[in-house]
Amino acid sequence: MSFKEYSEYDGLGLAALVAKGEVSPLELTEAAIERTERHNGAINAVVYKAYDEARKTAVGDLPDGPFKGVPFLVKDLLIAVKGWPRTSGSRFAANAGVTDAEDSGLMARYRSSGVVPLGKTNLPEFGITGTTEPALFGACRNPWNTDHIAGGSSGGSAAAVAAGIVPMAHGGDGLGSIRIPASCCGLVGLKVTRDRNPHLPDGYDFAQGNVVENVMTRTVRDSAAMLDVTGVPEPASPYAHPPKERPYVEEIERDPGKLRIAWSGETPAGHPIDPEVMAALEATARLLEGLGHEVVNQGLGVDLRKIYGAMAPLAGANYAAGMKRLIDYVGREPEEDELEPLTWAALKGGRKVSGVDALYSVQERRMVVRPILQFFETWDVFLSPVMGTPPPPIGYLDPVKVPVSEFPRRNAEVFPFAAPFNFTGQPSISLPLAQSSTGLPIGMMFSARYADEATLFRLAAQLETAQPWIGRKPPIWN
């Protein structure tokens, strides 16, 4: 038996039905499987299917968490799931048969929420691009228009949620990899504060804290409820856990008050963004004014290109270090046909970074981002688009076919906004507040002070009420 209305509910809505005995976790699992089989051929979002394991989990003794019985998908990067392969979107890891022996700490926290893990999702090789078009799995396509990208690096997770396969899915964000696919696919995507979701002892402090993991959802309340489960201190952690006053599910019920919100469409290179994106940004500013906030057109006032330059040695060395761990695990170097051109170039470049340059980059990061942190001494929230354009066509950012020399220009055109808040560690959320003339989602990005997810949740809930997006469904929905 399948639950026909399955995709009309968010995660908390499904869990409420389970709690009332109106539907069973197995029925939800079967509905998710049916929907995967119906839509995955068109979008190529789910690349590992653990159906039999999910069925066993669904009829077992599930934890009594807020998402008890709700199907869940995991991005095939960073997080470890016991007994599941971990390819990181790479032929090298896939050929080596990398399989995880135990759940990672974050995966254990997801399980404690009551979810039923269903499988793994598509991603670019090692998650380094903002589009999901890996040579290993092939392109993941946007449910709103399958000729266009679903974003990256958490593109498979976003596409699956947007298509109604699951109400939420795991992702990671190092340069926008949750917010970009959320924008492309019309979802809520929160990059949490550094160390809000601990990397736990098995996480190696990815990219010196630039990379965080969280979920993409269709509703603000699902995002808040899952972060209440995962965003708790890690015992014996060497990093101070960012404080919060109360559960986020309570924050979304609170009035945000009158916020001081700065907004800007300025890009690091000074090039204008797409007119439709700019129009959506201006409309969002007017919406915020209408809600009673103080809204001023003012940029961050920093040289973002200088910040990117300061981060480059650290990013290169971090990638080479991660590859060293994989190579040590596999026991051999990758063959020439096992890495894509962009990742080959990144590996060669990263290996050339000296220890002095890498540590200098770490030190510089702390200094060059200070003006951004100081900006938030005056402003509560900073608004910008997530992307400089609507989701481009499949192939425009293809990391295999686009020349390595051309790729950075296109990348800067499409993704000029998200990265600075990874460098500062601040929370930043994409909300699906606009669409292009052709129906493609356009996400707006709201960033707040360090550790202040509470303000973002209160504002997001207010915007979700003022301009509801839950009723929008992509063409392949039914």
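Residues numbered from 1 in each chain as written. Predicted model: local features only at pLDDT ≥ 70, side-chain atom pairs only at ≥ 80, totals over all residues. Heavy atoms only, no water.

Caption draft 1: A look at helix H12 (residues 341-351). Among all positions of H12, only Leu342, Thr343, Trp344, Leu347 and Gly350 are buried. The inward-facing, buried residues of H12 contact helix H11 (304-330) and helix H15 (407-414). (Buried < 20%, exposed > 50% of the residue type's maximum accessible area, 1.4 Å probe, protein only. Helix = DSSP H or I, 4+ residues; strand = E, 2+ residues; numbered from the N terminus. Contact = heavy atoms within 4.5 Å.)

Caption draft 2: Geometry of the pattern of salt bridges. Taken as a whole, this structure holds 24 salt bridges when the rule is applied. Notably, a salt bridge pairs Asp10 with Arg221, separated by 2.7 Å at the nearest N-O pair. On the criterion of sequence distance, the pair formed by Asp10 in the segment before helix H1 (11-19) and Arg221 in helix H8 (residues 220-230) is long-range, its members being 211 residues apart. You can call Arg221 partly exposed: its relative accessible area is 38%. The residue Glu338 makes a salt bridge to Arg332 at a minimum N-O spacing of 2.8 Å. Taking relative accessible area as the criterion, Glu338 reaches 4% and is therefore assigned buried. (Salt bridge = Lys/Arg side-chain N within 4 Å of Asp/Glu carboxyl O.)

Caption draft 3: Seen up close, the pairing of strand S10 (residues 294-297). Here strand S9 (residues 260-263) runs beside S10; their pairing, made up of four bridges, is parallel. Its bridge partner lying in S10, Ile261 is registered against Val295. Traced from S9 through helix H10 (residues 275-290) to S10, the parallel crossover comes out right-handed. (Pairing = 2+ DSSP bridges. Right-handed = clockwise from strand over helix to strand, strands pointing away.)

Caption draft 4: Inspection of H10 at higher detail. Here H10 spans 23 Å end to end across 16 residues, near enough to the 22 Å set by a 1.5 Å rise per residue. Where H10 is buried, its residues contact S9, S10, strand S11 (381-385), strand S12 (428-435), strand S13 (441-448) and helix H17 (453-466). Backbone geometry just after H10 places Gly292 at a positive phi near 100°. (Expected span 1.5 Å × (residues − 1).)

Caption draft 5: Region of interest: the side chain of Asn214. Positionally, Asn214 belongs in strand S8 (residues 212-217). Assessed through its relative accessible area of 0%, Asn214 is described here as buried. Among the polar contacts made by the side chain of Asn214, one reaches the side chain of Asn197 at a distance of 3.3 Å. Residues in contact with Asn214, not counting those within four places in the same chain, are Tyr110, Ala169, His170, Gly171, Ile178, Leu190, Val192, Asn197, Ser223 and Leu227. (Polar contact = N/O pair within 3.5 Å; in protein donor to acceptor, adjacent residues only side chain to side chain.)

Caption draft 6: A look at the packing of aromatic side chains. Throughout the structure, instances matching the rule amount to 11 aromatic pairs. Between the aromatic rings of Phe375 and Phe376, the centroid separation amounts to 5.5 Å while the plane-to-plane angle is 70°, which identifies the pairing as edge-to-face. Note on accessibility: Phe375 and Phe376 belong to one class, buried. (Phe/Tyr/Trp six-rings, centres within 6.5 Å; stacked < 30°, edge-to-face > 60°.)

Caption draft 7: Fine view of the environment of Leu314. For Leu314, the location among the structural elements is in helix H11. The buried category is assigned to Leu314, whose relative accessible area is 8%. Those residues within four positions of Leu314 in sequence are excluded, and the remaining contacts are Gln208, Asn210, Ser361, Val362 and Arg365.

Caption draft 8: Spatial organisation of unusual backbone geometry. With an omega of 10°, the peptide bond running from Gly152 to Ser153 counts as cis. Assignment of secondary structure puts Ser153 in the loop between strand S5 (145-149) and helix H6 (155-162). Backbone geometry places Ala451, a non-glycine residue, at a positive phi of 75°. Turning to its location among the elements, Ala451 is positioned in the loop between S13 and H17.

Caption draft 9: Highlighting the pairing of strand S3 (residues 116-121). Of all the six residues making up S3, six are buried; the element is thus mostly covered by neighbouring parts of the structure. As defined by bridge partners, strand S1 (residues 46-49) adjoins S3 across three bridges and the pair is classed as antiparallel. Pairing of Tyr48 across the sheet is with Lys120, part of S3. As defined by bridge partners, strand S2 (residues 71-75) adjoins S3 across five bridges and the pair is classed as parallel. Note that in S3 the partner of Leu73 across the bridge is Gly119.

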